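Here's the letter readout for the chains.
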Amino acid sequence: MKKILITGGAGFIGSHVVRRFVTKYPNYQIFNLDALTYAGNLENIADIDKSSNYTFVKGDIVDADFINDLFQKHQFDGVLHLAAESHVDRSITDPLAFVKTNVIGTMNLLNAAKTIWANNFDGKRFYHISTDEVYGSLGAEGLFSETTPYDPNSPYSASKASSDHFVRAYGETYGLPYVITNCSNNYGPNHFPEKLVPLFIHNIINNKPLPVYGDGKYTRDWLYVIDHAIAIDLVFHEGKNHETYNIGGFNEWQNIDLVKLLCQQMDVKLGRAVGESEKLITYVKDRPGHDLRYAIDASKINKELGWKPSVTFEQGLEKTIDWYLSNEDWLQHVTSGAYQEYYEKQYNGGVM
Ligand SMILES: Cc1cn([C@H]2C[C@H](O)[C@@H](COP(=O)(O)OP(=O)(O)O[C@H]3O[C@H](CO)[C@@H](O)[C@H](O)[C@H]3O)O2)c(=O)[nH]c1=O
């Protein structure tokens, strides 16, 4: 039986990956390591919690001694590393937290893997799940490919770029077997309501303003989170050693158009008059260093591994809205306390 460590498995993307691996691979023993920060929530994976091939471990990847002990104890065969501080706005107010978790945390995992595998890399794999933000910002034209030079702009993307570089460096220097994926914006169930889609769903339900940064003309490439989990499964098992794969939906939306579509779908779901939710749109001051456009060329993963998104954006968005509307308890739990304080501070940043 293979022992697989998944970090960040109580978070948004991680919870979908953990569920997929636990249910699809009964011959794997899955260890889910999560620090349970504000964005991690065991409710996200409550349905698989009792599975015999699943173990939850609470712990922080920043603690090197703890990580070394964990690797020595369990002798993992593979690591899927998703644990990260991931919110760009938070990285602007507290960059060091991002260096700690995303850079030091990744280093601790790399060191621990290198030590236990001790040059015996047969059947071993370190998989770093990363972001397209490492490539910086596109103008109106072009797509990010795997050979696009790194050019990160936010403390968040700088920390992810740094950790990508360390993973590659451990591959080149010590022969560590690795794969890296850089994915575009995800949306779907379990997404903490600080990111655009879940925050706006939450605010529409509660009749709160929808704070659109700047002129709303920023563009992102959106992918349903379960399609990302499927891609991660494929890359972990079939991706080539020492390779990078970009993952994206070929699905670009300007923020304001996405928000309007979301408002329309929410009006229908909530039985509101047409145009009701759009009245909540409020233009607020822009994010500093806001990247204009991300768009992914996902043809490598498509050609080599046969992956492509399984749902359209309209379908994925509807599934997402349905999930939030039938999980209002979840929303209530995660939006109380610390989050609420943060949100109020953020929103009071100023209406334009
Ligand atoms: C939270 C929020 C966001 N926005 C804008 C900023 C962006 O142009 C767009 C999406 O913002 P966010 O949901 O924060 O996501 P973004 O900054 O693109 O980064 C996401 O996508 C990345 C992949 O591209 C991931 O690596 C990040 O972890 C993830 O947070 O919406 C608003 O206009 N208003 C808001 O309140």
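Throughout what follows, the structure given in this document is the object of discussion. No experiment lies behind these values; they were computed from the predicted model shown. Numbering of residues begins from 1 in every chain and follows the order in which that chain's sequence is written. Residue-level local features of this predicted model are given only where pLDDT is at least 70; pairs of side-chain atoms are given and counted only at 80 or more, and the full residue set underlies all totals for whole chains, interfaces and linings. Side-chain metrics in this entry use all non-hydrogen atoms of the structure; hydrogen atoms and water are not considered.

Here a cavity denotes a set of grid points, spaced 1 Å apart and computed over the protein atoms alone, in which a 1.4 Å probe fits but from which it cannot get out, and a pocket denotes an open set meeting protein on both sides within 12 Å along at least five of seven lines; residues with an atom within 4 Å of a point are reported as lining. Grid points are joined across faces, edges and corners, and a volume is the space filled by probe spheres set on the points. Within the structure shown, the criterion is met by two cavities of 30 Å³ or more. Approximately 50 Å³ is the volume attributed to the largest cavity. Forming the boundary of the largest cavity are Val88, Glu133, Ser154, Arg220, Arg287, Pro288, Gly289, His290, Asp291 and Tyr294. Residues that form the lining of the largest cavity fall into these classes: three nonpolar, three polar and four charged. Both domain 1 (2-187 + 221-247) and domain 2 (196-219 + 254-289 + 312-341) contribute no fewer than three residues apiece to the lining of the largest cavity. Size it by volume and the second largest cavity reaches roughly 30 Å³. Residue lining of the second largest cavity: Tyr38, Ala39, Asn41, Asn44, Asn190, Phe192, Trp330 and Val334, and that is the complete set. Side-chain classes follow a simple rule in which Ala, Val, Leu, Ile, Met, Phe, Trp, Tyr, Cys and Pro form the nonpolar group, Asp, Glu, Lys and Arg form the charged group, and the remainder, Gly included, forms the polar group. As used throughout, domain bounds are those supplied by an automatic or database domain assignment.

Numbering of helices and strands runs from the N terminus; a helix is a DSSP stretch of H or I covering at least four residues, while a strand is a stretch of E covering at least two. One can find Trp117 in helix α4 (residues 95-117). Its relative accessible area of 3% is what places Trp117 among the buried residues. In this structure the C-alpha to C-alpha distance between Trp117 and Lys319, which are 202 residues apart in sequence, comes to 41 Å. Any pair of residues with heavy atoms lying within 4.5 Å of one another is described as a contacting pair. Excluding residues that lie within four positions of it along the chain, Trp117 makes contacts with Phe76, Asp77, Gly78, Val79, Lys124, Arg125, Phe126, Leu176 and Pro177. Only protein chains enter the area calculation, which uses a 1.4 Å probe; residues under 20% of their type maximum are buried, those over 50% are exposed, and those in between are partly exposed.

This part is about the sheet that holds strand β9 (residues 219-224). At least two DSSP bridges between two strands are required for those strands to pair. Pairing is mixed in the open sheet, where three strands are placed in the order β7-β9-β11. Since the sheet does not close on itself, it has two edges, and those belong to β7 (185-187) and β11 (252-254), each with one partner. Mean inter-strand twist for the sheet, computed between neighbouring axes without regard to direction, equals 50°. Sheet topology note: the β7/β9 ladder contains three bridges and is parallel. Residue pairing in the sheet places Tyr187 in a bridge with Tyr224 of β9. Geometry is summarised by axes, namely lines fitted to C-alpha atoms with helices restricted to the contacting stretch, and by angles between N-to-C directions that run from 0 to 180 degrees.

What follows is about the pairing of strand β4 (residues 78-81). Of the two faces of β4, the one lined by Gly78 and Leu80 and the one lined by Val79 and His81 are each fully buried. Pairing of β4 with strand β5 (residues 125-131), which is carried by four bridges, proceeds in the parallel orientation. When the sheet's bridge partners are listed, Gly78 is paired in β5 with Arg125.

When a carboxyl oxygen of Asp or Glu lies within 4 Å of a side-chain nitrogen of Lys or Arg, that pair is called a salt bridge. By the definition in use, this model includes 13 salt bridges. Among the salt bridges present, the one from Asp233 reaches Arg20, with a minimum N-O distance of 2.8 Å. Of this pair, Asp233 sits in helix α7 (residues 225-238) while Arg20 sits in helix α1 (residues 12-24), and the two are 213 residues apart along the sequence. Residue classification places Asp233 among the buried positions, given a relative accessible area of 3%. Taking the shortest distance from any N to any O, the salt bridge between Glu276 and Lys279 comes out at 3.4 Å.

Further remarks concern the side chain of Asn185. Tracing the backbone shows Asn185 in strand β7. Given the relative accessible area of 18%, Asn185 is considered buried.

To continue, consider α1. Helix length check: α1, at 13 residues, gives a terminal C-alpha distance of 19 Å against a target of 18 Å (1.5 Å per residue), a fit within 8%. Every buried residue of α1 is accounted for by Phe12, Gly14, Ser15, His16, Val17, Val18, Phe21 and Val22. Those residues of α1 that are buried are in contact with β1 (2-7), β2 (28-34), β3 (54-58), β4, β7 and α7. One fewer than the residue count of a helix, multiplied by 1.5 Å, yields its expected span.

Moving on, we come to the site of the ligand. The local shell around the ligand holds 24 residues, among which Asp132, Glu133, Tyr156, Arg287 and His290 are the closest. Note that an oxygen atom of the ligand is positioned 2.8 Å from one of the side-chain N or O atoms of Asn185. At 2.8 Å, a side-chain N or O of Arg220 approaches an oxygen atom of the ligand. Note that accessible areas follow from Shrake-Rupley with a 1.4 Å probe, and for residues the cover is restricted to the protein chains shown. Calculation on the ligand without its partners gives an accessible area of 680 Å², and the protein chains cover 94% of this total. Those elements that place two or more of their residues in the shell around the ligand are α6 (196-205) and β8 (210-213). Looking at which domains feed residues into the shell around the ligand, each of domain 1 (2-187 + 221-247) and domain 2 (196-219 + 254-289 + 312-341) supplies at least three. Here a residue counts as near a molecule or strand whenever at least one of its heavy atoms sits within 4 Å of it. Whenever two N or O atoms come within 3.5 Å, that pair is a polar contact, provided that in protein one can donate a hydrogen and the other can accept it, and provided that, for residues adjacent in sequence, both atoms are side-chain atoms.

Moving on to the nonpolar core. If you look at the biggest cluster of nonpolar residues, it comprises 32 residues, and the most contacted ones within it are Ile6, Phe21, Leu80 and Ile301. Put simply, the parts of the chain that give this core at least two residues each are β1, α1, β2, β5, β6 (178-183), α7, β10 (243-247) and α9 (299-305). At six residues, α7 tops the list of elements feeding residues into this core. Formed by 30 residues, the second largest nonpolar core is a distinct cluster that contains Ile204, Trp253, Trp323 and Val334. Among buried residues, the Ala, Val, Leu, Ile, Met, Phe, Trp, Tyr and Cys ones that are joined through side-chain atoms within 4.5 Å form a nonpolar core.

Looking now at a nonpolar patch on the surface. Note that patches include only residues with greater than 30% relative accessible area and no salt bridge, and the join distances are 9 Å for like charges and 5 Å for nonpolar side chains (Val, Leu, Ile, Met, Phe, Trp, Tyr). Together, Leu96, Val99 and Ile104 make up a nonpolar patch on the protein surface, roughly 240 Å² of accessible area in all. In this fold, Leu96 is placed in helix α4.

So, on to the sheet that holds β2. The seven strands are arranged β3-β2-β1-β4-β5-β6-β10 in an open sheet whose pairing can be described as parallel. Each end of this open sheet is capped by a strand with a single partner; those strands are β3 and β10. For this sheet, the mean angle separating the axes of adjacent strands, direction not counted, is 15°. Pairing analysis gives five bridges linking β2 to β3, with the strands arranged parallel. Bridge pairing links Asp34 to Lys58 in β3. Running at roughly 160° to β2, α1 makes contact with β1, β2, β3 and β4 of the sheet.

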